[in-house]
Amino acid sequence: MIPRSFHHQLNQAIQRVMLPDLSQSGSVDHELFVIYHSTAITALIIHWIQSGFSKASDEMAEQLLNIVRHQTDQRINVKTIFKSSAA
């Protein structure tokens, strides 16, 4: 099991590297955008470690870069999960 402190330290390091460089468009808050991506990257790295480094490091690095660079025009439909109490 990987210590929780490692998760936090890794996430903070990724944020420090990404914060000045990661760009986004539209009305998304830059800091929240970086937090979102750094948390996802941290989870992928932790998964990679826990899977016994199932992919070679250069393959994993390439996959992470592809994921970070990935942009989609696909729209996601979000369903309401809570019903309004005012009916």
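Placed above this text is the structure.
Predicted model only: the values in this text are computed from it and were never measured. Counting from 1, residues in each chain are numbered in the order their sequence is written. Totals for whole chains, interfaces and linings use every residue, but because this is a predicted model, local features are given only for residues with pLDDT of at least 70 and side-chain atom pairs only at 80 or more, for both listing and counting. The basis for every side-chain value is the complete set of non-hydrogen atoms in the structure, without hydrogens or water.

Looking at the pattern of salt bridges
Convention followed: We count a salt bridge whenever a side-chain nitrogen from Lys or Arg sits within 4 Å of a carboxyl oxygen from Asp or Glu. Only protein chains enter the accessibility calculation, which uses a 1.4 Å probe. A residue is then buried if its area is under 20% of the maximum for its type, exposed if over 50%, and partly exposed in between.
Scanning all chains against the criterion turns up one salt bridge. Between K55 and E59 there is a salt bridge, with its nearest N and O atoms 3.9 Å apart. Here K55 falls in the partly exposed class, since its relative accessible area comes to 36%. Residue classification places E59 among the partly exposed positions, given a relative accessible area of 37%.

Here's the deal with the packing of aromatic side chains
For clarity, the threshold we go by: Centre distance within 6.5 Å is the pairing criterion for rings of Phe, Tyr and Trp, where only the six-membered ring of Trp is used; planes under 30 degrees apart are then read as stacked, over 60 as edge-to-face, and the remainder as tilted.
Under the defined criterion, the tally for this structure stands at one aromatic pair. Seen from their ring centres, W48 and F53 are 4.7 Å apart, and the 90° between their planes marks the pair as edge-to-face. The class of F53 is partly exposed, set by a relative accessible area of 48%.

Some thoughts on unusual backbone geometry
Inclusion rule: For helices the rule is a DSSP run of H or I covering at least 4 residues; for strands it is a run of E covering at least 2, with both sets numbered from the N terminus onward.
Notably, F53 is not glycine yet its phi reads approximately 55°, a positive angle. The topology assignment puts F53 in the loop between α2 (30-50) and α3 (57-69).

What to know about the packing of α2 against α3
This is how it is decided: Note on definitions: angles span 0 to 180 degrees between N-to-C directions of axes, and those axes are lines fitted to C-alpha atoms, for helices only across the stretch in contact. Each angle is binned into one of four classes, with values under 35 degrees roughly parallel, values over 145 roughly antiparallel, values of 65 to 115 roughly perpendicular, and all other values oblique. For any helix crossing, the convention is left-handed if the near helix is rotated counterclockwise from the far helix by under a right angle, and right-handed if that rotation is clockwise. Throughout, a contact is declared for two residues whenever any of their heavy atoms are within 4.5 Å. Ten residues, namely Ala, Val, Leu, Ile, Met, Phe, Trp, Tyr, Cys and Pro, are considered nonpolar, four, namely Asp, Glu, Lys and Arg, are considered charged, and the remaining ones, Gly among them, are considered polar.
Their axes nearest at 11 Å, the elements α2 and α3 cross at an angle of 160°. What the angle tells us is that α2 and α3 run roughly antiparallel. Where α2 crosses over α3, the two elements pack in a sense that is right-handed. When α2 is examined against α3, the residues I41, L44, I45 and W48 are found in contact with a partner set consisting of S57, M60, L64, I67 and V68. Each residue belonging to the contact of α2 with α3 can be placed in one class, and the counts come to eight nonpolar, one polar and no charged.

Some words on the nonpolar core
Taken as a class, soluble globular proteins show a tendency for nonpolar side chains to be buried jointly. Rules: In plain words, nonpolar cores are sets of buried Ala, Val, Leu, Ile, Met, Phe, Trp, Tyr and Cys residues tied together by side-chain atoms within 4.5 Å.
Core analysis: the biggest nonpolar cluster contains 11 residues, these being I2, L10, I14, M18, V34, I41, I45, I46, W48, M60 and L64. Elements represented by at least two residues in this core include exactly α1 (4-18), α2 and α3. Broken down by element, the residue count for this core peaks at five residues, all from α2. Beyond its immediate chain neighbours, meaning those up to four positions away, I41 contacts I14, M18, L64 and V68.

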